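Spelled out, the chains give:
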Amino acid sequence: MSGGKSAADVFDEVGARYEKVFGRVPGQLAALDWLTGRLAPGARVLDVGSGTGRPTAEALARAGCAVTGIDVSAHMVDLARSRVPRARFEQADVRTYAAAEGGFDAVCSFFPLLVMSQQEVAAALERMASWVAPGGYFVMATVPGDISDLDIVWMGHEVTVSSLSTAEHLRLLGAAGLEVLEHHTALFRPETGAGGGAAAGVAVEPEEHLFCYARRPGLTFDPPSAGRPR
């Protein structure tokens, strides 16, 4: 990779500003509504790249899930622990994290795979998919594109980013044994002057976001009061 800062360094410095800019992405909020509507209370959920804990871990904890969040940034972990005390957070890297035996009923990955190489993105997708228990869900979002080690300025920081095309994301998830139930793209324009790479009063270019909802085949059941398979 080029000389951009590491993800840990960048997010230690960005801190709570990230939540102000990206804490209400409509597609992410819709994905969380979709997921929480399919999880029983007590479901084990891993939030990869948990940031400040909002909105993902907060929404999942509110729905009664047992939430574990991991983030490479020690500062983000501290913020998340104070914002979402009902969830558990630890400083960890998706590239080396060791998931508990049995995996998770759901794994969320909202935009944590950009500050790494294409090979690392692909390997991280495969790792996260392997942590989804039978009948469990994987919900992710990223900025798609065949992008390799591109140097950019993001929220005032020089970073080196990579990504994969939509087709490659879908191929890798399928190869990892997940069934992609839905995928779509949406444009999101960060608030002008909020810190998303532009100074106050300067227009910010919209970002294309890819959202994927997937499931590992297997039979799960709603709580006994509902009693229907899904």
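Residues numbered from 1 in each chain as written. Predicted model: local features only at pLDDT ≥ 70, side-chain atom pairs only at ≥ 80, totals over all residues. Heavy atoms only, no water.

### Looking at the packing of aromatic side chains
Aromatic rings considered in pairs are described by the distance between their centres and by the relative angle of their planes. The test is simple: Two rings from Phe, Tyr or Trp (for Trp, the six-membered ring) form a pair when their centres sit within 6.5 Å of each other. Planes less than 30 degrees apart are called stacked, planes more than 60 degrees apart edge-to-face, and all others tilted. Numbering of helices and strands runs from the N terminus; a helix is a DSSP stretch of H or I covering at least four residues, while a strand is a stretch of E covering at least two. Using a 1.4 Å probe on the protein chains alone, a residue whose accessible area is under 20% of its type maximum counts as buried, one over 50% counts as exposed, and one in between counts as partly exposed.
For the structure shown, the criterion picks out 10 aromatic pairs. Taking 5.4 Å as the distance between ring centres and 80° as the angle between the ring planes, the aromatic pair formed by Tyr97 and Trp131 counts as edge-to-face. Remark: Trp131 occurs in the loop between helix H6 (118-130) and strand E5 (132-142) and Tyr97 occurs in the loop between strand E3 (88-91) and strand E4 (104-110); sequence separation between them is 34 residues. Using a relative accessible area of 7% as the deciding quantity, one classes Trp131 as buried. Each residue in the set Phe11, Tyr18, Phe22, Trp154 and Phe188 is aromatic and connected to the rest through ring pairs, giving one cluster.

### Describing the pairing of strand E6 (residues 147-154)
Put simply, the test is: At least two DSSP bridges between two strands are required for those strands to pair.
Bridge count for E6 against strand E7 (residues 157-163) is 6 bridges, and the pairing is antiparallel. Looking across to E7, one finds that Asp151 is bridged to Thr160. In this structure, the hairpin formed by E6 and E7 is closed by a connection of 2 residues, where Met155 is found at a positive phi of approximately 50°.

### Comments concerning the state of the cysteines
Convention followed: A pair of cysteine sulfur atoms is labelled a disulfide when the two atoms are within 2.5 Å.
This structure, assessed with the given rule, holds 0 disulfides. There is no disulfide at Cys65, and the cysteine sulfur nearest it, in Cys108, is 8.6 Å away.

### Some points on the confidence of the model for the protein chain
Which entries qualify depends on this criterion: Values of pLDDT, ranging from 0 to 100, describe the predictor's confidence in every residue of the model. The contact rule is simple, with two residues in contact once any of their heavy atoms fall within 4.5 Å.
Model confidence for the protein chain is summarised by a mean pLDDT of 89, while 87% of its residues fall at 70 or above. The model gives residues 194-202 a pLDDT under 50, and that stretch makes 16 contacts with residues more than four places away or in other chains. In this model residues 221-230 is a low-confidence stretch, pLDDT under 50, and it forms 16 contacts with partners more than four residues away in sequence or in other chains.

### Description of the sheet that holds strand E8 (residues 179-188)
The condition that has to hold: Angles run from 0 to 180 degrees between N-to-C directions of axes, and those axes are lines fitted to C-alpha atoms, restricted for helices to the stretch in contact.
In spatial order, the strands read E3-E2-E1-E4-E5-E9-E8; together these 7 strands make up an open sheet with mixed pairing. Looking at strand neighbours, the two that pair on one side only are E3 and E8, the edges of this open sheet. Adjacent strand axes in the sheet meet at a mean angle of 15°, parallel and antiparallel pairs treated alike. Strands in contact with helix H3 (residues 26-36) are E4, E5, E8 and strand E9 (207-215); relative to E9, the strand with the most contacts, it is inclined by about 10°. Sheet contacts for helix H7 (residues 166-175): E5, E8 and E9; angle to E8, the most-contacted strand, approximately 155°.

### Re the layout of surface pockets
Test applied: Cavity and pocket criteria rest on a 1 Å grid covering protein atoms alone: a 1.4 Å probe that fits but cannot get out defines a cavity, protein on both sides within 12 Å along at least 5 of 7 lines defines an open pocket, and an atom within 4 Å of a point defines a lining residue. Grid points are joined across faces, edges and corners, and a volume is the space filled by probe spheres set on the points. As a working rule, the residues Ala, Val, Leu, Ile, Met, Phe, Trp, Tyr, Cys and Pro are called nonpolar, Asp, Glu, Lys and Arg charged, and the rest polar, with Gly in that last group.
One number sums up the size of the second largest pocket: a volume of about 230 Å³. Lining the second largest pocket are 13 residues; nearest its centre among them are Arg24, Leu29, Pro55, Glu58 and Arg62. Elements supplying a minimum of two residues to the lining of the second largest pocket: H3 and helix H4 (56-62). Looking at which element gives the most residues to the lining of the second largest pocket, the answer is H3, with 4 residues. Residues that form the lining of the second largest pocket fall into these classes: 5 nonpolar, 2 polar and 6 charged.

### Overview of H6
Definition in use: A helix's residues, less one, multiplied by 1.5 Å, set its expected span. Arc definition: directions from the helix axis to the C-beta atoms.
In this model, H6 (13 residues) spans 19 Å end to end at C-alpha, consistent with the 18 Å of a helix rising 1.5 Å per residue. Along H6, the residues that are buried comprise Val121, Ala122, Ala124, Leu125, Met128 and Ala129. Down the axis of H6, the buried set is contained in an arc of 160°. They therefore lie on one face. Pointing more than 90 degrees away from the buried face of H6 are the exposed residues Gln119 and Ser130. Lining the buried residues of H6 we find strand E1 (44-48), E4, E5, E7 and H7.

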